[in-house]
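# Structure at a glance
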Amino acid sequence: MNNSRNVVIGVDIGTTSTKAVVFGKFSQVVSSASFDYPIIQPHPGWAEQDPDLIFSAVVRSVNAAIKKAGIRPAQVKALGFSAAMHSLIALDEQGIPLTRCLIWADNRSAAQSERLLDEMKGLEIYQRTGTPVHPMSPLPKLLWMKEEQPPLFRQAHKFVSIKEYVIYRLYGQYVVDYSMASATGLFHLDTLDWDDGVLHLLGVTKQHLSRPVPVTYILQGMKKEWAEQMGVDQGIPAVIGASDGVLANVGVGAVSPGEAAITIGTSGAVRTISSVPKTDLRGRTFCYALTDHHWIVGGPTNNGGILLRWLRDEFGGQEREVAKKLGMDPYDLLTQYAETVPAGSEGLVFLPFLSGERAPYWNAKARGTFFGISLHHKREHFIRAVMEGVCLSILSVVLAIRDVTGSLSEIRVSGGFAKSAFWRQMLSDMLGKELLVPETHEASALGAAVMALYALGDLSSLEEVKQWVHIQATHVPNEKNTAVYLELFDLYERLYQRLKDEFDALSAFQAKYSRK
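Heads up: these notes are all about the structure in this document. Note that this is a predicted model, so its numbers are computed, not measured.

Conventions and cut-offs
The written sequence of each chain sets the order in which its residues are numbered from 1. With the structure being a predicted model, the display of local features is reserved for residues of pLDDT at least 70 and the display and counting of side-chain atom pairs for 80 or more, all residues being used for whole-chain, interface and lining totals. Computation of side-chain values: all heavy atoms of the structure, hydrogens and water removed. We define a salt bridge as a side-chain nitrogen of Lys or Arg found within 4 Å of a carboxyl oxygen belonging to Asp or Glu. Secondary structure elements follow DSSP: runs of H or I no shorter than four residues count as helices, runs of E no shorter than two count as strands, and numbering proceeds from the N terminus. Burial here depends on accessible area, computed with a 1.4 Å probe over protein chains only, as a share of the maximum for the residue type. Under 20% is buried, over 50% is exposed, and the range in between is partly exposed. For helices, the fitted axis covers only the stretch in contact; all axes are lines through C-alpha atoms, and the angles between them, taken along N-to-C directions, range from 0 to 180 degrees. The labels follow the angle: roughly parallel below 35 degrees, roughly antiparallel above 145, roughly perpendicular from 65 to 115, and oblique for the rest. Left-handed describes a crossing whose near helix is turned anticlockwise from the far helix by less than a right angle; the clockwise case is right-handed. Two residues form a contact once any of their heavy atoms are found within 4.5 Å. Side-chain classes follow a simple rule in which Ala, Val, Leu, Ile, Met, Phe, Trp, Tyr, Cys and Pro form the nonpolar group, Asp, Glu, Lys and Arg form the charged group, and the remainder, Gly included, forms the polar group. Strands are treated as partners if at least two bridges between them are detected by DSSP.

Following the criterion strictly, the structure yields 19 salt bridges and no others. The closest approach of N and O atoms between Arg-108 and Glu-48, which form a salt bridge, is 2.7 Å. In this pair, Arg-108 is assigned in the loop between β7 (101-102) and α2 (110-119) and Glu-48 in strand β4 (residues 48-49), connecting sequence segments 60 residues apart. Of the two residues, Arg-108 and Glu-48, neither departs from the other in class, the shared state being buried. Between Asp-280 and Arg-284 there is a salt bridge whose closest N-O contact spans 2.8 Å.

Listed below in structure tokens is the structure:
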């Protein structure tokens, strides 16, 4: 970077907050700011957000990060954007939302997803588009809207994601990067354009959708009102960037074929790099675009750190009180209890599907299950079994990815779980692989900033980011524990397969008798 413009800002539009991070030379974090927004659940299984609240969070976070950094607008070289995948907003001809933003966690289109798979060649659609057929995806959401809200569906002028809406508000353009488009279920991986067959199935045209552009597409000419409110020059280049998942790979330096990033925050994900698009014959993994030579193959899980929060909130009253007296984080105390139990939790197995499951099963009706409870099992066994269940779900995704891309040569981990050395070691044991722990905790925002520099020509390749990512810890698997976990995983997989039909029955029972 030249001296007159010496910072770049990565803007990460996440599920619960938007964060703007100011990066200096070699990815040094100069400042950051974030603003939260709620998830609205007007009906069971629905998950929506206010798109204008999110847009406001984008503007406010950039402004706050710049003020905190104490820099002038002229010092900002570029903006780069990252955003959560799978969101959907219907807009009218004036670009005003007709709906709230339906997010990835919205399951209202479960019936449409099943019909797409059973009656509408859903597996073929997946193999063309790279997006598994699941209620998270805009494809079944659009089918739901067409069938359940036909007047609104017909009234809609555009169907967009939250990032597209933010860009439209800032620049007056309807454009979508290949990465976000490839997470819709409507985008053909080979042609890098909207899939004619899917559009025909939905009864929409390309005019209803934004224009697909590369992730290096540069936006210029921000509307004066928003530039002033952000505190940036109106002519600042903004690089459209990609989705948060693929940019997290960039942010931790997992950017070469065979390198993988595992993120466990509220939920979890495993992603690796392929030089060409690859899909799974069984539909277990996703394939999303990054650049011409970088495709992200992976799978998300629904249940990560949210399970420990559930344990803490619903069953950890005693731990919260003890932790308060000791001046500890309750999570650290839960972890200490888990450490007293050997690998395998002495025969207590946990299927961690409290929120259904995405990869590799793609089963919204799956339910959490403790199996093998005996009188000798204590609360510490349940805590460890929950942590092991999260790792078992990650292993199931890793094995599916291996079938598609081959063995993983290197694994880098990030997310809230990465703060726990015990949990990281457990995952290393579970996978039987060495884990690398990068120092960065802002992987998607850094990925957005790196993509901006790459688009502007300041980086000759994405691989240069590896020089910026410091590895702060490594974990080598304990072979004894790995052997235990191989046995445990075999049991875990057989349990899931045998309980699939029972999950369907239980889901129906819960829908019938649960309190609304």
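From this point on, the discussion continues.
A separate point is the packing of helix α11 (residues 305-315) against helix α14 (residues 379-405). Viewed as axis vectors pointing N to C, α11 and α14 meet at an angle of 155°, and their least axial separation amounts to 10 Å. Comparing the axis directions of α11 and α14 gives the class roughly antiparallel. As α11 packs across α14, the resulting crossing turns out to be right-handed. On the side of α11, the interface is formed by Leu-307, Leu-308, Leu-311 and Phe-315, while α14 contributes Arg-379, Phe-382, Ile-383, Val-386, Met-387 and Val-390. Tallied by class, residues from the contact of α11 with α14 come to nine nonpolar, no polar and one charged.

This part takes up the sheet that holds strand β21 (residues 410-414). Taken in spatial order, the seven strands of this open sheet run β17-β18-β16-β15-β21-β22-β23, and their pairing is mixed. The open sheet has two free edges, formed respectively by β17 (286-291) and β23 (471-475), since each of these has just one partner strand. Between one strand and the next, the sheet's axes are offset by a mean angle of 25°, whatever the strand orientation. Sheet topology note: the strand β22 (residues 435-438)/β23 ladder contains four bridges and is antiparallel. In the strand pairing of β23, Leu-435 is matched with His-475. The sheet contacts of helix α10 (residues 244-252) involve β15 (259-264), β16 (268-274), β17, β18 (294-301), β21 and β22, and relative to β16 the element is tilted by about 70°. Sheet contacts for α14: β15, β16 and β18; angle to β18, the most-contacted strand, approximately 150°.

Here we come to the packing of α2 against helix α4 (residues 138-148). Their axes nearest at 8 Å, the elements α2 and α4 cross at an angle of 110°. With respect to their mutual orientation, α2 and α4 come out roughly perpendicular. Residues Gln-112, Ser-113, Arg-115 and Leu-116 of α2 pack against Leu-139, Pro-140, Leu-143, Trp-144, Glu-147 and Glu-148 of α4. Here the residues of the contact of α2 with α4 are counted per class, giving five nonpolar, two polar and three charged.

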